Amino acid sequence: MAEAGGAPGGSAINLDQMSLEELNQVRQQEDSRLQALAGRAAQLRAAAARLNASQSAVSELSPASEGKEVMVPLTESVYVPGKIRDPNKLLVEIGTGFFVEKSSKETSAFLDRKLKLCDSNSENVTKIIQVTQQNLESINVTMQGKMMEIRARQEGQRHKATVEG
């Protein structure tokens, strides 16, 4: 008996009891789910890369950085020149456009926590992707088996018609 499911919170579906049309619908749903999960995994990788870049930039700050010229972003593509006034006072975005002033050490700890959360989410998404891929494989195998049954039945009917005819 072939079953698909097994994701946390998901329920098993008996694939053998489904028609080809139903199996095709389930396969399309799982394909869509896999696409969405792949997109989420890519977003998490991009977020981890941004956090690592931020962590690297913070680690390069030192008291000697005071007065150093930097480019300050106004938008993603517009910058203005600026100077670092106090390398130990950083504005950190904590979410949805809210900023908090933190020291370099506090910022580094914050980024570490965010990176760990991002890594944990990535691991969870990867596990769900693997389960979804297994589900798709089970669905494909079941569909192939059903198509072989249909062909065998058709061949049997042709053979029977030839013998009787």
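Note that this is a predicted model, so its numbers are computed, not measured. (Residues numbered from 1 in each chain as written. Predicted model: local features only at pLDDT ≥ 70, side-chain atom pairs only at ≥ 80, totals over all residues. Heavy atoms only, no water.)

**Details of the nonpolar core**
Quick note on the threshold: Buried residues of nine kinds, namely Ala, Val, Leu, Ile, Met, Phe, Trp, Tyr and Cys, make up a nonpolar core once their side-chain atoms join them within 4.5 Å. Throughout this description, buried means an accessible area under 20% of the type-specific maximum (1.4 Å probe, protein chains only), exposed means over 50%, and partly exposed covers the range between. A run of DSSP states H or I qualifies as a helix once it reaches four residues; a run of E qualifies as a strand once it reaches two. Both are numbered from the N-terminal end. The contact criterion used is simple: two residues touch if any of their non-hydrogen atoms lie within 4.5 Å.
With 17 residues, the main nonpolar core has Leu51, Leu111, Cys118, Val125 and Ile129 as its most contacted residues. In terms of residue count, the dominant contributor to this core is helix α1 (residues 20-60) (eight residues). Excluding residues within four positions of it along the chain, Leu51 makes contact with Leu111, Lys114, Leu115 and Cys118. If you look at the next biggest cluster of nonpolar residues, it comprises six residues, including Leu15, Leu23, Val26 and Ile139.

**Side note on unusual backbone geometry**
Residue Thr96 is not a glycine yet carries a positive backbone phi of 45 degrees. As for its position among the elements, Thr96 is in the loop between β5 (90-95) and β6 (98-102).

**Describing the environment of Glu69**
Mapped onto the elements, Glu69 comes out in strand β3 (residues 69-73). The class of Glu69 is exposed, set by a relative accessible area of 58%. Sequence separation of Glu69 and Ile84 is 15 residues, and the distance between their C-alpha atoms is 6.6 Å. Leaving out residues up to four positions away in the same chain, Glu69 has contacts with Gly82 and Lys83.

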